[in-house]
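What follows is the residue order along each chain.
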Amino acid sequence: MDPLLSGDIGLAAVLIVLLKVVVAFTVLMLGVMAMVWFERKLIADMQNRIGPNRAGPFGILQTLADGLKLMFKEDLEPERSDPFVFKLAPFLALIPAFLVFAVIPVAGNFSDGADGVVTMFGHETFMQVADPQMGILFVLAMSSVAVYGVMLAGWSSGSKYPLLGSVRASAQMVSYEASLGLSVAAVLLFSGTLSTNGIVAGQSGGQWNLWMTALVPFVIFIVSATAELNRPPFDLVEAEQELVGGFHTEYSSFRFALFFLAEFLNTVTMSAVIVTLFLGGPSGPIPDWAPGWASDFVLPLIYFFAKLLIFLFMFVWFRATLPRFRYDQLMDLGWKFLIPLSLGWFLILTSVKVAIDIGWNPVLTGAVTAAVVALGGLMLRSAVRTAAARHQAADPLTDQAILGSDAGGGGL
Amino acid sequence: MRVEMFTFLIAGAIVLGGALGVVLLRNPVHNALSLVATLFGVAVLFVIQEAYFLAAIQVIVYAGAIVILFLFVIMFLGVDRIEATERDPLPAQRVVGVVAGLGILVLSIVILLAGGGEPTGQRSATAPLSDQAPDIDRLGKVLFTDYVFAFEVTAVLLTVAVVGAVVLSRRPKGDPIDLDEFPDGPAVAHLSLFVDPDDEGPADDTADAESADAESADADDVEVTS
């Protein structure tokens, strides 16, 4: 709980919270502008092009120019659209993206077990807009609300390509939420709290969850996050070659700009979530002789944004490098690989954690658990195969006719 | 006015408005969206009661998964046009619904009048419990000690449900039907599970040409290339 909000809340506390909200909003908007430029410029470099270079130095004002252009374009509304939902959908996509950033700690001294409390205008507080008890669950809740924006945009457009895009989106985002949640659970196992501030504080001194959870949940989280963001290589939601523009085909003008904004906002906030969960957020080495303003604000901010930049770069790199997945490959990866892997890894981590707590040999316990999990998986696999073989042998023709073919699953 | 009261009034209005929307709006998608509004309002009410974990789970599970699934089905099966309500499959359900609704209304009013003024659950909890542990800690402790049996039974129940769902929807491995040779193949197989043969098929253009083909085709035409 934020020390600012414990006890009586005076006018000063309310003003500080308002200030934090305004600053976070501004930084986020500017960050998105920079991110759009960064992505275009970087992808241009990776493709041996020059990229935007007209508006401002190095084309850095290109996003501003594009935004202004979009605002003044004609606002089209398809005849067969559902007017209310059509107008609502862009905001449903945008607002969750903003809200997630509210729980991300961006600064504060977290070294040597310090809990990141900073003093602003004589009041103690955290450098995050809010630190609710449910912390990271709030992130998951908002990412599940974000599905609505994409889904309703596609449906309310009243045309088929957006609808196909939105059906893909809902299936994809709901599927990958499971592995996303399971890899978060692995982190929570070691941090012992849901609060984002607590998660960062638990990683002080370089004990990043990246190492503590032995990398696997980190990788699973990145893959699932990419799918949640509908970014390449999982951008089937707006696959240009198949669906024109996907869920936002019918959108133009400012409403399209809102979707565009939401997409990049989500990329920035998801990178911030990864930094918070696995890389210790703003924590980093802080020398003893550093004055208060440096150890509380400047150094942590530098650490945070440096870590953030790694993941922003990574998402752009993905886009430049990886070809898009086919829909059935996407579903196979999510359900048949990532979810069993994250569940199994979670079980192994649990046993190791218990072993550490009660003084058993953690390596041996982990190995035994891994063996048991693998054995269970193999037994399940052989059982399924035997059953399928028997089924097939008993009545191969009806089987195929009733249950259809594998090609049907890829038809979305 | 106190902040809780203010928040309660807004959240309550959203809950009631959403509930009315679920019942009164004509379009199934609008109904589902109203349901989301109601669920959000209830989540805010949980937050007022300092049940943060419950609020988060409410949004993640109900708004984030279950209603999404509703919408998915509504959109995918093309029932998102205004539904025919003339033919009532269960004529008695309206009477039962009205009686049950009135009964619940009367009961709530009686409880509210008997229970005192504060509408925010003043009688059950006026302050956080004595220890300052977050509610998820306490919930977890209770769940894995006092109610561990119920917890495990629920887990088994859910596992059975998942296995059941997988068994029902499982497709064994095999060579896929050659779509060029049998263009009606998978469409017949799939749609026959959902579409009532007496129906005229989904009236929605989004169900593609496949559904149109499916109506004229006979299931016996389907063969396997293997």
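Being a predicted model, the structure only gives us computed values, none of them experimental.

## Focus on the overall build of chain B
A tally of helices and strands in chain B yields eight helices and zero strands. Written out in order from the N terminus, the α and β elements of chain B read α-α-α-α-α-α-α-α. Classification of the 226 residues of chain B by burial places 23% in the buried group.

## Some points on the overall build of chain A
Each helix and strand in chain A was counted, giving 14 helices and two strands. Considered along the principal axes of its C-alpha atoms, chain A spans approximately 80 × 70 × 50 Å. Per-residue burial for chain A yields a buried fraction of 50% across its 412 residues. Once local pairs closer than 6 in sequence are excluded, the contacts in chain A between residues at least 24 apart make up 78%. Just so you have it, chain A exposes about 18700 Å², and 70% of that area is on carbon and sulfur atoms. Counting 22 positive and 30 negative side-chain charges, chain A places the averaged centre of each group 9 Å from the other.

## Examining the environment of S157 of chain A
All names here are of chain A. By the element assignment, S157 lies in the loop between α4 (135-156) and α5 (160-191). S157 sits 76 residues away from S81 along the chain, and the two C-alpha atoms are 4.6 Å apart. Each residue touching S157, except ones within four places of it in the same chain, is listed here: P78, R80, S81, F86, P162, F247, E250 and Y251.

## Observations concerning the packing of helix α1 (residues 3-24) of chain B against helix α2 (residues 28-48) of chain B
All names here are of chain B. Look at α1 against α2: their axes get within 7 Å of each other, and the N-to-C directions meet at 155°. For the element pair α1 / α2, the angle class is roughly antiparallel. The chirality of how α1 crosses α2 is left-handed. Seen from α1, the contacting residues are E4, T7, F8, A11, I14, V15, G18, A19, G21 and V22; seen from α2, they are N31, S34, L35, A37, T38, G41, V42, V44, L45 and I48. In terms of residue class, the contact of α1 with α2 is built from 12 nonpolar, seven polar and one charged.

## Describing α1 of chain B
Residues and elements named next belong to chain B. Helix length check: α1, at 22 residues, gives a terminal C-alpha distance of 31 Å against a target of 32 Å (1.5 Å per residue), a fit within 8%. Among the residues of α1, A11, G12, V15, G18 and G21 are the ones counted as buried. On its buried side, α1 packs onto α2.

## Section: a nonpolar patch on the surface
Residues and elements named next belong to chain A. A cluster of nonpolar side chains, contributed by I60, L61, L64, L68, M71, F72 and F254, occupies part of the molecular surface with about 680 Å² of accessible area. No other element matches helix α2 (residues 62-71), which puts three residues into the nonpolar patch. In this structure, I60 sits in the loop between α1 (11-46) and α2.

## With respect to the domain arrangement of chain A
Residue and element names in this part refer to chain A. If you check the domain split of chain A, you get domain 1 (3-325) and domain 2 (326-392). Placing a centre on the C-alpha atoms of domain 1 and another on those of domain 2 gives a separation of 31 Å. Taken together, the contact between domain 1 and domain 2 spans 24 residues of the former and 18 residues of the latter. Among the residues domain 1 hides against domain 2, the three largest losses belong to L182, L189 and F325. Together they make up 30% of the total. Sorting the residues of the side of domain 1 that touches domain 2 by element identifies α5 and α8 (216-228) as the ones contributing at least two each. Counting residues per element, the side of domain 1 that touches domain 2 draws most heavily on α5, which supplies 12 residues. Classifying every residue of the side of domain 1 that touches domain 2 gives 17 nonpolar, five polar and two charged.

## Structural notes on the pattern of salt bridges
Residues and elements named next belong to chain A. Counted by the stated rule, this structure contains eight salt bridges over all chains. Residue K87 is joined to E77 by a salt bridge in which the shortest nitrogen-to-oxygen separation is 3.5 Å. Taken together, the positions of K87 in helix α3 (residues 83-100) and E77 in the loop between α2 and α3 put the pair 10 residues apart, joining distant regions of the chain. You can call K87 partly exposed: its relative accessible area is 36%. Among the salt bridges present, the one from R326 reaches D328, with a minimum N-O distance of 2.9 Å. Here the residues in one salt-bridge network are E39, R231 and R319, joined through shared partners.

## Here's the deal with the pairing of strand β2 (residues 123-126) of chain A
All names here are of chain A. Relative to β2, strand β1 (residues 117-120) is paired through four bridges, and the arrangement is antiparallel. Bridge assignment links M120 to a residue of β2, and that residue is H123. In this antiparallel pair of consecutive strands, β1 and β2, the connection spans two residues, and F121 shows a positive phi of 50°.

Reading guide: rules and limits
Residues numbered from 1 in each chain as written. Chains lettered and ligands numbered in written order. Predicted model: local features only at pLDDT ≥ 70, side-chain atom pairs only at ≥ 80, totals over all residues. Heavy atoms only, no water. Helix = DSSP H or I, 4+ residues; strand = E, 2+ residues; numbered from the N terminus. Buried < 20%, exposed > 50% of the residue type's maximum accessible area, 1.4 Å probe, protein only. Contact = heavy atoms within 4.5 Å. Areas by Shrake-Rupley, 256 points an atom, 1.4 Å probe, with all protein chains shown as cover. Lys, Arg positive; Asp, Glu negative; His and termini not counted. Charge placed at Lys NZ, Arg CZ, Asp CG, Glu CD. Axes fitted to C-alpha atoms, helices over the stretch in contact; angles between N-to-C directions. Parallel < 35°, antiparallel > 145°, perpendicular 65-115°, else oblique. Left-handed = near helix turned anticlockwise from the far one by under 90°. Nonpolar A, V, L, I, M, F, W, Y, C, P; charged D, E, K, R; others polar. Expected span 1.5 Å × (residues − 1). Patch = residues over 30% accessible without salt bridge, like charges linked within 9 Å, V, L, I, M, F, W, Y side chains within 5 Å. Salt bridge = Lys/Arg side-chain N within 4 Å of Asp/Glu carboxyl O. Domains from an automatic or database assignment. Buried area = accessible area lost by both parts, 1.4 Å probe. Pairing = 2+ DSSP bridges.

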